[in-house]
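Listed below, chain by chain, are the residues.
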Amino acid sequence: SSSSSSTVCLEEASPSPSPDVAPPAKKVNRCGQCKKRVGLTGFSCRCGGLFCSEHRYDAAHSCNFDYKTMEREQIAKKNQVCVAEKIQRI
């Protein structure tokens with residue numbers, strides 16, 4: 001009869017927090033143009049920025065996002081080209 005022994009690995013349940021780790025800072029939502037606090041009422045732009053109500057339009061914050069190209073790609077993707085067969089004349 002052979003006896004098997006099992007090894008138990010003991011680990012600390014909760015590691016002690018290191019003193020140099022700071023708690024995460026709160027993210028302050030500010031306008032990308034005028035740095036005004038926007039809070040929950042900020043407007044996200046397709047260029048990736050967050051803006052206040054005055055700078056939410058692309059002309060107001062000199063947006064570099066190309067809307068025309070994006071719209072053309074969406075139209076081309078949604079509207080497939082339909083080509084009818086040519087009529088054979090007798």
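See the structure printed just above.
Residues numbered from 1 in each chain as written. Predicted model: local features only at pLDDT ≥ 70, side-chain atom pairs only at ≥ 80, totals over all residues. Heavy atoms only, no water.

Participant: Sorry, what's going on with the nonpolar core here?
Facilitator: Considering soluble globular proteins, one finds that nonpolar side chains tend to be buried as a cluster. Formed by Cys-31, Val-38, Cys-45, Phe-51, Cys-52 and Cys-63, the largest nonpolar core amounts to six residues. Not counting residues up to four positions away in its chain, the partners in contact with Cys-52 are Cys-31, Cys-34, Val-38 and Phe-43. (Core = buried A, V, L, I, M, F, W, Y, C linked by side-chain atoms within 4.5 Å. Buried < 20%, exposed > 50% of the residue type's maximum accessible area, 1.4 Å probe, protein only. Contact = heavy atoms within 4.5 Å.)

Participant: Looking at this model, I keep getting lost on the packing of aromatic side chains. Mind explaining?
Facilitator: Centre distance and the angle of the planes are the two values used to describe a pair of aromatic rings. This model, assessed by the stated rule, comprises one aromatic pair. Their ring planes at 70 degrees and their centres at 5.0 Å tell us that Phe-65 and Tyr-67 sit as a pair that is edge-to-face. Here Arg-56 stacks its cationic end above the ring of Phe-43, 4.8 Å away from the centre of that ring. (Phe/Tyr/Trp six-rings, centres within 6.5 Å; stacked < 30°, edge-to-face > 60°. Lys NZ or Arg CZ within 6 Å of the ring centre and 35° of its normal.)

Participant: What am I meant to see in helix 1 (residues 67–78) here?
Facilitator: An α-helix turns once per 3.6 residues; consequently, residues spaced three or four apart project the same way. Compared with the 16 Å implied by 1.5 Å per residue over twelve residues, the 17 Å span of helix 1 between its first and last C-alpha is a close match. Taken across its twelve residues, helix 1 has one buried, putting it largely on the surface. (Helix = DSSP H or I, 4+ residues; strand = E, 2+ residues; numbered from the N terminus. Expected span 1.5 Å × (residues − 1).)

Participant: How do you make sense of the environment of Arg-56 when you look at a structure like this?
Facilitator: Residue placement: Arg-56 occurs in the loop between strand 2 (50–51) and helix 1. Among residues more than four places away in sequence, those in contact with Arg-56 are Phe-43, Phe-51 and His-61. Here the side chain of Arg-56 touches Tyr-57 through a polar contact of 2.8 Å, side chain to side chain. (Polar contact = N/O pair within 3.5 Å; in protein donor to acceptor, adjacent residues only side chain to side chain.)

Participant: Help me understand the environment of Ser-44 in this model?
Facilitator: If you trace the backbone, Ser-44 turns up in strand 1 (residues 43–44). Sequence spacing of Ser-44 and Arg-56 is twelve residues, and the spatial spacing of their C-alpha atoms is 7.7 Å. Excluding anything up to four places from it in sequence, Ser-44 contacts Gly-49 and Leu-50.

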